[in-house]
Structure formats: structure tokens, C-alpha cells
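Each chain, written out:
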Amino acid sequence: MESISTNKFRKVGIDASSAETIARPSMSYWQDAWRRLKTNKVAMLAIAILLFIVIMTIIGPHINGYKYEKLIEDENGIIMKNVKPNSEHWFGTDTLGRDMFSRVWQGGRVSIIIGITGALIATVVGSIYGAIAAYFGGKVDTIMMRIVEVLISIPYLIVVILISIITDSKSLGTMLVSLTLTGWCGMARLVRGQMLQIKQQEYIMAAEALGVRPWNIITKHLIPNSLGIILVSITFDIPGYIFSETFLSYIGLGIQAPNTSWGALASAAQQNFIFYPYQMFFPGLMIALTMLSFTLLGDGLRDALDPKLRQ
């Protein structure tokens with residue numbers, strides 16, 4: 001066997017001064033996720049657009065001094081109907097003579113509230129329901145999932161119509177109840193699938209061996225360790241609720257006058273779209289920007305919260 005020359009090796013030695021050097025600053029899972037999210041320019045642009053829209057839905061109806069439900073008259077007492085966008089009425093006026101700028105942001109307030117509140121309610125109910133089904137398993141899981149399958153097969157449009165007839169109301173609260181009554185089923189199935197994997201981990205078995213109560217295991221171990229996928233799902237659910245509200249308002253089952261929403265504005269504008277396209281353009285633009293921004297933010301969060309992509 002040929003011997004290897006010692007000239008091919010070099011003593012590196014030990015640098016005592018670098019023994020305590022930290023290669024990378026220590027950070028938690030959420031700090032690292034935020035660091036990676038900040039490097040995603042598309043996701044950060046989506047966040048900026050969403051912040052602008054949310055802020056404008058709060059202050060927008062009060063900026064130009066025109067109330068969204070009031071008719072606007074000129075100096076001769078004539079109602080200013082279908083005025084095109086100008087320096088005084090930035091988005092123009094509608095067919096009844098109301099300021100479109102104030103109405104667009106007032107409508108955005110309703111749509112954003114329904115989207116965010118509906119997604120949060122569905123997330124809380126679905127997460128708890130799915131976690132209980134996944135943790136106990138067996139017959140409990142089978143019965144609970146069959147209930148979900150029955151509920152998820154019912155079209156939400158039928159639910160909305162029935163609740164509107166029963167309550168004789170088309171208010172914001174009725175809309176939220178209608179959309180979330182079966183809207184949590186998808187989240188329940190998602191959380192259940194995730195937690196079926198988590199419950200096999202060693203720390204769950206250790207908690208059970210130490211006598212930790214099932215409810216504490218669900219709330220302190222299962223749900224917190226599923227927050228990543230839950231947060232991503234929320235960002236995709238919010239556009240779904242906004243679109244559902246828009247569709248229902250468009251066909252006349254949503255928010256009623258004098259209140260308004262983006263869907264109601266689009267429904268009112270479609271009759272005169274050929275003559276006054278700006279009345280459809282502005283609410284349609286807000287719907288598109290909001291739904292696109294939440295979708296892009298969801299993609300960014302999915303990449304940022306994935307531990308496999310951590311570097």
C-alpha cells in the first residue's frame with residue numbers, strides 16, 4: 001500500500017479567541033419567520049396595500065366632508081346625479097347623487113369586517129373542533145367528521161336565504177352568522193389532518209404519561225404547534241369571505257341600504273355600467289386589490305413559516 005506523504009497535511013490549530021463566536025444570532029421561530037417574510041418583497045407590498053386599505057376604510061368616509069348616505073345638491077338645489085370624478089368629488093357621484101369616495105370606503109369597512117371577523121370565527125371554532133376530533137380519535141373522530149361532511153355539503157347560499165327569512169333581517173350580524181355557520185368546516189378538516197401528525201410526537205406522549213389533561217394538551221401543545229398552517233389558512237379564508245359577501249350583496253341578499261358594501265356598490269353600478277363605468281371601477285378595484293393582497297400575503301407566510309426553508 002502506497003504511503004501518503006505528510007506534506008499533504010497542514011496543522012490548522014485552535015484559535016482560542018474564536019471559541020465563543022456565534023455563527024448566527026439566536027432567534028425564536030417567530031422571529032426567524034418575520035426575518036424571512038421581510039425579505040419577500042411581494043408579501044411586504046401586499047401588507048402595505050392592505051394597511052392602506054384598512055386605514056382608508058377607517059378615515060376615508062370622513063376625508064372630503066360628504067356623508068356616504070346623504071344626497072348632494074348644488075347651489076341651485078339640484079341633486080348632483082352621476083357626476084364624473086373631479087376635484088370636488090374624487091370618485092364622482094352615483095345615480096342618486098351620493099359621493100362615491102365616501103361610499104367606497106364605507107363599503108370597504110363592511111367588507112373588511114365581514115372578511116376578517118368571519119375568518120377569525122371560523123378559525124377558532126374549526127381549530128377547536130378539529131383538535132378535539134384528532135386528539136380523541138376512534139368513534140369520536142368518526143362521528144365528528146361525519147357531522148362536518150354533512151354541514152360542508154350544504155350550499156352556503158341556501159343557509160343565507162333560510163337565515164334571512166327566519167330572522168327577517170339582512171344586517172351585518174345576519175351575514176356573519178350565515179357565512180360562518182358552515183364556514184368553519186374546512187378549517188376543522190385542515191386542523192384535524194395537521195394534528196393527527198402532531199399527536200404522534202414524543203412530547204405529546206410525554207405529556208400524556210405525566211397525566212396532563214386532554215384539554216391542556218389540545219390548547220397548549222396541539223393548537224400552538226399548528227399555528228403556522230392556521231395563519232396561512234386565515235389569509236386565504238379572508239378573501240373567500242369578502243368574495244362571498246360581495247356575491248351575496250351583488251344578487252341582493254347582502255347588506256341593504258342605506259348601509260353599503262363593495263358588492264352592493266358593484267350591484268348598483270352594473271345597471272349603468274356602459275354610461276358611467278367609474279361607478280363600477282372603483283369598488284371593483286378595491287375588491288381585486290384586497291383579495292390579491294391577501295392571497296400574496298398568504299403565499300409569503302406559507303414560505304416564511306415553513307421550517308424546511310429555514311437557513
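Just so you know, the residues in each chain are numbered from 1, in the order the chain's sequence is written. Restriction of local features to residues with pLDDT of at least 70 applies here, the model being predicted, together with a cutoff of 80 or more for giving and counting side-chain atom pairs; totals for whole chains, interfaces and linings are based on all residues. Side-chain numbers come from the whole structure's heavy atoms, not from hydrogens or water.

## Points about the side chain of Thr 235
Relative to the helices and strands, Thr 235 is located in helix 10 (residues 227-250). Relative accessible area decides the class of each residue, using a 1.4 Å probe on protein chains only: under 20% of the type maximum gives buried, over 50% gives exposed, and in between gives partly exposed. Among the residues examined, Thr 235 registers a relative accessible area of 6% and is labelled buried. At a separation of 2.6 Å, a polar atom in the side chain of Thr 235 contacts the main-chain carbonyl oxygen of Val 232. Contacts are residue-level and defined by heavy atoms, with any inter-residue pair within 4.5 Å sufficient. With near-sequence residues (within four places) excluded, Thr 235 lies in contact with Phe 294, Thr 295, Leu 297, Gly 298 and Leu 301. Here a helix means four or more residues in a row that DSSP labels H or I, a strand means two or more in a row labelled E, and each is numbered from the N terminus. The definition of a polar contact used here is a pair of N or O atoms within 3.5 Å, where within protein one atom must be able to donate a hydrogen and the other to accept one, and adjacent residues in sequence count solely through side-chain atom pairs.

## Looking at the packing of helix 3 (residues 100-136) against helix 9 (residues 214-222)
In a pair of packed helices, the angle between the axes and the distance between the axes together describe the arrangement. Put simply, helix 3 and helix 9 touch, their axes get as near as 10 Å, and they point 120° apart. When the interaxial angle is binned, helix 3 and helix 9 end up oblique. Handedness of the crossing formed by helix 3 with helix 9: right-handed. Contacts between helix 3 and helix 9 involve Ile 128, Ala 131, Ile 132, Tyr 135 and Phe 136 on the former and, on the latter, Pro 214, Trp 215, Ile 217, Ile 218 and Leu 222. Looking at the contact of helix 3 with helix 9, its residues break down into 10 nonpolar, no polar and no charged. Helix axes are fitted to C-alpha atoms over the stretch in contact, other axes to C-alpha atoms as well, and angles between N-to-C directions run from 0 to 180 degrees. To sort the angles, those under 35 degrees are grouped as roughly parallel, those over 145 as roughly antiparallel, those from 65 to 115 as roughly perpendicular, and the leftovers as oblique. Helix crossings get a hand from a simple test, with the near helix turned counterclockwise from the far one by less than a right angle marking a left-handed crossing and a clockwise turn marking a right-handed one. Note that Gly is not counted as nonpolar here; it falls among the polar residues with everything else outside the nonpolar set of Ala, Val, Leu, Ile, Met, Phe, Trp, Tyr, Cys and Pro and the charged set of Asp, Glu, Lys and Arg.

## Looking at the nonpolar core
Put simply, buried Ala, Val, Leu, Ile, Met, Phe, Trp, Tyr and Cys residues joined by side-chain atoms within 4.5 Å make one nonpolar core. Grouped together as the largest cluster of nonpolar side chains are 63 residues, with contacts concentrated most on Val 104, Trp 105, Leu 222 and Trp 262. Not counting residues within four places of it along the chain, the set of residues in contact with Trp 262 comprises Ile 53, Val 104, Gly 107, Gly 108, Ser 111, Ile 112, Pro 283, Met 286, Ile 287 and Thr 290.

## With respect to the environment of Phe 136
Mapped onto the elements of the fold, Phe 136 is located in helix 3. Judged by relative accessible area, which is 46%, Phe 136 ranks as partly exposed. When the C-alpha atoms of Phe 136 and Leu 297 are compared, they prove to be 34 Å apart, with 161 residues separating the residues in sequence. For Phe 136, the contacting residues outside a window of four places in its chain are Pro 214 and Ile 218.

## A closer look at helix 7 (residues 185-198)
Owing to its 3.6 residues per turn, the α-helix brings residues three or four apart onto one side. Multiply 1.5 Å by the residue count of a helix minus one, and that product is the helix's expected span. With 14 residues, helix 7 extends 20 Å from end C-alpha to end C-alpha; this agrees with the ideal 20 Å at 1.5 Å per step. Those residues of helix 7 that fall on the buried side of the exposure criterion are Cys 185, Met 187, Ala 188, Val 191, Met 195 and Ile 198. On an axial view of helix 7, the arc spanned by its buried residues comes to 140°, and they lie on one face. Its buried side turned inward, helix 7 meets helix 3, helix 4 (138-152), helix 8 (202-209), helix 9 and helix 10. This arc corresponds to the set of directions leading from the helix axis out to the C-beta atoms.

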